[in-house]
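Spelled out from the first residue to the last, the chains are:
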Amino acid sequence: MPSFNKLPLQVLLLLGNNYLIIMIDIKGIKKTYANGTHALNDVNLMLDKKVTSIIGRNGAGKTTLLRILSTQLLPTSGTVLVNGHDIINDVSAIREMTVSIPQEARLIYYRNAFDSVRLYLGARGAGISEASKKAEKALKTVGLWEWRNHISEDLSGGMKRKVFVAMALAADSELVILDEPTTGLDPLSRFEVWSAIKKLKGQVIITTHYMEEAQALSDEIVMMDHGKVLSQGKISDLLRDFAGMVRIESARKSKGSKKVAGMWVSYAKKKEAEQFVMRGDIVKQITLDDLFIKMGVDIES
Ligand SMILES: Nc1ncnc2c1ncn2[C@@H]1O[C@H](COP(=O)(O)OP(=O)(O)O)[C@@H](O)[C@H]1O
Ligand SMILES: [Mg+2]
């Protein structure tokens, strides 16, 4: 693969097909917290797609990885280059090109949506009139303009999350990092946040444990468990082994079935599905959950 970092900006812009490709080159990253928890164990990844979703159950190491990428946390060892900038030595260059919304991000409750976005832009160096113009445009884009004068406390969970996405939109960053942007939201709010995320111009990295979210949004998936990368690729490639198959959930054990969340899970060809339905089993479409099951990860724990 050519090193895009060495190419001039104009070429990069063309290569990016409307957006700038940011190469994130992660090599041998380990993170051991002070209490001895090994959160990341030798993570090696090249991230260069428009939207990458990092998926994995709680404790897999997703947040730790994102905090390292966004220069909030130092790795114990290893290197990360974000568009050629080192996360340890070029912190300001990376922060300038990145918007990072942490998992636990909360809006200030008495501040209205318009001010939340404007003040965020101000903190990033924009003047008042520029900040107001950009905030207006972003709030209109995510469908929150009518709510601009409502304080955060009066916004629904989904609206609050959309205010954060509006901040990322307005900042016009090359790289947007969103940690669990829809966790805890109802399905409709999640859907609205997804469409807001789709409007981001820059490259996006999100974490999620909602498989359908990863499927709806991403060009590439990174599967993590126990601080390691299990697999990386396009959803269609990752699911290739399951082509033409369905998932069978049964109360009874059968040959080759695996126990997941109190049910016995096995796989069958789509055209054989009817006989399982007749037996009283549940037949489901394949999702990314099935990849974790195949790799022996107990997705329930
Ligand atoms: N500040 C911390 N101190 C100690 N252990 C931590 C800290 N943050 C996370 N961990 C641990 O590191 C592991 C990975 O956590 P995290 O990166 O938050 O995973 P995820 O985001 O995938 O749920 C977990 O075992 C978690 O308990
Ligand atoms: Mg997390």
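Cut-offs and rules
- Residues numbered from 1 in each chain as written.
- Chains lettered and ligands numbered in written order.
- Predicted model: local features only at pLDDT ≥ 70, side-chain atom pairs only at ≥ 80, totals over all residues.
- Heavy atoms only, no water.
- 1 Å grid on protein atoms, 1.4 Å probe; cavity = no way out; pocket = protein on both sides within 12 Å on 5 of 7 lines; lining within 4 Å.
- Points joined across faces, edges and corners; volume = space filled by probe spheres on them.
- Helix = DSSP H or I, 4+ residues; strand = E, 2+ residues; numbered from the N terminus.
- Nonpolar A, V, L, I, M, F, W, Y, C, P; charged D, E, K, R; others polar.
- Contact = heavy atoms within 4.5 Å.
- Domains from an automatic or database assignment.
- Patch = residues over 30% accessible without salt bridge, like charges linked within 9 Å, V, L, I, M, F, W, Y side chains within 5 Å.
- Areas by Shrake-Rupley, 256 points an atom, 1.4 Å probe, with all protein chains shown as cover.
- Salt bridge = Lys/Arg side-chain N within 4 Å of Asp/Glu carboxyl O.
- Buried < 20%, exposed > 50% of the residue type's maximum accessible area, 1.4 Å probe, protein only.
- Lys, Arg positive; Asp, Glu negative; His and termini not counted.
- pLDDT = per-residue confidence, 0-100.
- Phe/Tyr/Trp six-rings, centres within 6.5 Å; stacked < 30°, edge-to-face > 60°.
- Lys NZ or Arg CZ within 6 Å of the ring centre and 35° of its normal.
- Pairing = 2+ DSSP bridges.
- Donors = N, O, S within 2.8 Å, 3.2 Å for Na, K, Ca; no water.

## A closer look at the layout of surface pockets
- The computed volume of the largest pocket comes to approximately 580 Å³.
- In terms of lining, the largest pocket is formed by 28 residues, of which the most central are T98, V99, S100, Y120 and R124.
- For the lining of the largest pocket, the secondary-structure elements that each account for two or more residues are helix 2 (62-69), helix 3 (91-97), strand 6 (98-101), helix 4 (113-123), helix 5 (128-141), helix 6 (157-171) and strand 7 (175-179).
- Among the residues making up the lining of the largest pocket, the classes are represented as 14 nonpolar, six polar and eight charged.

## Quick look at the environment of L230
- One can find L230 in strand 10 (residues 228-233).
- Along the backbone, L230 and S77 are 153 residues apart, and their C-alpha atoms lie at a distance of 20 Å.
- If near-sequence neighbours (up to four positions away) are discounted, L230 is found in contact with M223, M224, D225, F292, M295 and V297.

## Topic: the domain arrangement of the protein
- Annotation of the protein at the domain level lists domain 1 (4-238) and domain 2 (243-285).
- Each of domain 1 and domain 2 has a C-alpha centre, and these two points are 36 Å apart.

## Some thoughts on a nonpolar patch on the surface
- On the surface, I108, Y109 and Y110 cluster together into a nonpolar patch covering about 340 Å² of accessible area.
- Along the chain, Y110 turns up in the loop between strand 6 and helix 4.
- A relative accessible area of 53% places Y110 in the exposed class.

## Here's the deal with the side chain of E180
- With respect to the helices and strands, the residue E180 is situated in the loop between strand 7 and helix 7 (187-198).
- At 4.1 Å, K62 is the nearest oppositely charged side chain to E180, a buried residue that forms no salt bridge.
- With residues up to four places along the chain from it excluded, the contact list for E180 reads K62, Q103, R161, T207 and H209.

## Some details on the confidence of the model for the protein
- Of all residues in the protein, 93% have pLDDT values of 70 or greater, and the mean over the chain is 90.
- The secondary-structure element of the protein with the lowest mean pLDDT is helix 1 (residues 9-15), recorded at 50, while strand 1 (residues 24-32) shows the highest, at 98.

## Focus: the packing of aromatic side chains
- With the rule as written, the count across this model stands at four aromatic pairs.
- A ring pair is formed by Y109 and Y110, whose centres lie 5.4 Å apart and whose planes are at 85°; its orientation type is edge-to-face.
- Lying over the aromatic face of Y210, R190 brings its terminal NZ or CZ to 3.6 Å of the ring centre.

## Observations regarding the pairing of strand 10
- Here strand 9 (residues 220-225) pairs with strand 10 via five bridges, running antiparallel. The residue of strand 10 that forms the bridge with M223 is S231.

## Observations concerning the coordination of the magnesium ion (ligand 2)
- Protein coordination of the magnesium ion (ligand 2) is provided by T63 (OG1) and Q103 (OE1), with donor distances spanning 2.0 to 2.5 Å. On the criterion of sequence distance, the pair formed by T63 in helix 2 and Q103 in the loop between strand 6 and helix 4 is long-range, its members being 40 residues apart.
- Judged by its relative accessible area of 32%, Q103 falls in the partly exposed class.

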